[in-house]
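Spelled out from the first residue to the last, the chains are:
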Protein chains: 2
Amino acid sequence: MADAPTTKRARARAAMTADIKRIARSHLAEHGADGLSLRAVARDLGVVSSAVYRYVASRDELLTLLIIDAYDAVGEAAERAAADGRGGAEARWVRTCGAVRAWAVAHPHDYALVYGSPVPGYAAPADTVDPALRVTRAAISVVAAAWEAGEIDLGAPADIPTVVRDDLEAMRAAFAVELPAEVVARALLAWTGTFGHLSWELFGHLHGGVTDYDAFFEVQAHSWWQLIARGPGAAPC
Amino acid sequence: MADAPTTKRARARAAMTADIKRIARSHLAEHGADGLSLRAVARDLGVVSSAVYRYVASRDELLTLLIIDAYDAVGEAAERAAADGRGGAEARWVRTCGAVRAWAVAHPHDYALVYGSPVPGYAAPADTVDPALRVTRAAISVVAAAWEAGEIDLGAPADIPTVVRDDLEAMRAAFAVELPAEVVARALLAWTGTFGHLSWELFGHLHGGVTDYDAFFEVQAHSWWQLIARGPGAAPC
DNA sequence: CGAGAAACGAGAGCAGTGCTCTTGACATTC
DNA sequence: GAATGTCAAGAGCACTGCTCTCGTTTCTCG
């Protein structure tokens, strides 16, 4: 992953670390974050538990590694979908949201790990924030491209308090895109909405109410784009 | 809570059960669901751990009791807010969402327990689904009242696949309200969006981006209502 | 090249967990 | 009043995260 391992010990260390992560990932996928046990990982590795602590400082640190992996995976999926230019802006948006959902459905425990309840007392280390932003960056880039292409109506200036407007402007700047605050607000609304729907779907709050989750999500994703592109309650004639 | 306890033993049992729940709630509020330990509850109760098992079958069952409590608490808060008729439909909607958020902010661990990652392998017992629906029922009733009062534009018929439309119709029937499928879809969009925003706020995904969470939420809640009442991208002139 | 330093795996151990079983004391009921 | 059921206590099992020590292997540097 980084430099070529030189010494035999360095190679062994890299291999061991990779094995730990690989087995931990499979345990996460099967039993969820709650069921991830360092001792079980060590057992599967054919090694005594204390040996694992030579490579991973604590269970929390191992979880952090998995969190970073998960953020990178969903971020990459979203980036690939967003980069696909086929169709108009709406198609790109729906495709990007769909890629996020596809990842979440394929890796529900990973989704729960990063977007579900945070472990109490777990402070996100600095190395997680950058991977975490990848997926949102992909989404906002779709919006920014659509704005540049004139595919988004600004609508009437919204009544947004200054403190909120400043935050929206700071977000826009952080993502280095050109967008009016109104559109940033709508994009954020649609984006958190996407994750709200996903959480409700994956965590069972829609159980019994939805037959075809794929179709349902697609309908909602199109609505979100309409919200971004035309605004909520845009200009009732 | 139910019948008046007659015998001394029945009274003692009721008191003990209530004490267990009370202490468990305080532990949940302080340490989160992960940190809820039957043994710790027993210790605080001045009783040996096995004694607690006379009243609660397992840790999962205790969590279920807390889940039901949490659903009831947020449901009641939402109902009270929705019942307050001051202002128009938009005011009622924003007030109801605000009540949910106020509860969530005041009891973040309870929120995480019910709307965060579900415990893997935890199948929601039947007694949780009814309390879970209370809060959504409160929200949908606000929408239904607004529709009846003519405060909602239907907009152009949306292009919704039959399978999704059937689900929406079934949801409408389940909540025993009169609403077109289009409006049910928009209400659900707004509702899951509300929880998406809440989860992102409470789980730290907006950390560093938002200064005044109260103001931010209020702006978003108004937008959600506009979405319900006017539709996404309603009739661009 | 070879000695000292660093890294390593194994194992024992500590404190904590959920949960089960037995035992003797108490309350309830017939 | 005796039989029945309920109760709290305690020991015990299997598991967890994590620490420490102890020989062994590997690296590094003189």
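You'll find the structure just up there.
Let me begin by describing the structure that accompanies this report. The structure presented is a predicted model; accordingly, all values stated were derived computationally and were not measured.

## Examining the relation of the copies chain A and chain B
Logical step 1: Here chain A sits on chain B after a turn of 180 degrees about the axis and a move of 0.0 Å along it, with an RMSD of 0.0 Å. Here the two chains are linked by the operation of a two-fold rotation axis.
Logical step 2: Interface residue correspondence from chain A to chain B reaches 100%, placing this contact among same-surface, isologous pairings.

## Remarks on the side chain of T128 of chain B
All names here are of chain B.
Logical step 1: Relative to the helices and strands, T128 resides in helix α7 (residues 126-148).
Logical step 2: Looking at T128, the relative accessible area reads 3%, which means it is buried.
Logical step 3: Leave out the neighbours within four places in its chain, and T128 touches T64, I67, I68 and Y71.

## Let's talk about the pattern of salt bridges
Logical step 1: Tallied over the full model, the rule gives 28 salt bridges over all chains.
Logical step 2: Where R134 of chain A meets E79 of chain A, a salt bridge forms, and the shortest distance between an N and an O atom there is 2.8 Å. Here R134 of chain A, found in helix α7 (residues 126-148), pairs with E79 of chain A, found in helix α4 (residues 59-83); they are 55 residues apart in sequence, far enough to count as distant.
Logical step 3: Residue R86 of chain B pairs with D84 of chain B through a salt bridge whose shortest N-O separation is 2.6 Å.
Logical step 4: In the salt-bridge network here, residues are joined through shared partners; they are K21, R25 and D69 of chain A.

## Some points on the environment of R95 of chain B
All names here are of chain B.
Logical step 1: Mapped onto the elements of the fold, R95 is located in helix α5 (residues 89-106).
Logical step 2: As a C-alpha pair, R95 and D84 span 11 residues in sequence and 8.6 Å in three-dimensional space.
Logical step 3: Side-chain polar atoms of R95 contact the backbone oxygen of R86, separated by 2.9 Å.

Procedures and definitions
- The residue count restarts for each chain, going from 1 along the sequence in the order it is written.
- Whichever chain is written first becomes A and whichever ligand is written first becomes 1, with later ones labelled in order.
- Per-residue local features of the predicted model are confined to residues with pLDDT of at least 70, and side-chain atom pairs are confined, for both listing and counting, to 80 or more; whole-chain, interface and lining totals are unaffected and use all residues.
- Side-chain measures here rest on the full set of heavy atoms in the structure, leaving out hydrogens and waters.
- Least-squares fitting of one copy onto the other uses the C-alpha atoms of those residues that reach a pLDDT of at least 70 in both copies.
- Only heavy atoms matter for contacts: two residues are in contact if any of them lie within 4.5 Å across the pair.
- Strands are runs of DSSP state E lasting at least 2 residues, helices are runs of H or I lasting at least 4, and numbering of each runs from the N terminus.
- Relative accessibility thresholds used throughout: buried, under 20% of the residue-type maximum; exposed, over 50%; partly exposed, between the two (1.4 Å probe, protein chains only).
- Each salt bridge in this description consists of a side-chain nitrogen of Lys or Arg and a carboxyl oxygen of Asp or Glu lying within 4 Å of one another.
- Two N or O atoms count as a polar contact when they lie within 3.5 Å, although within protein this holds only if one can serve as hydrogen donor and the other as acceptor, and sequence-adjacent residues are included solely when both atoms are side-chain atoms.

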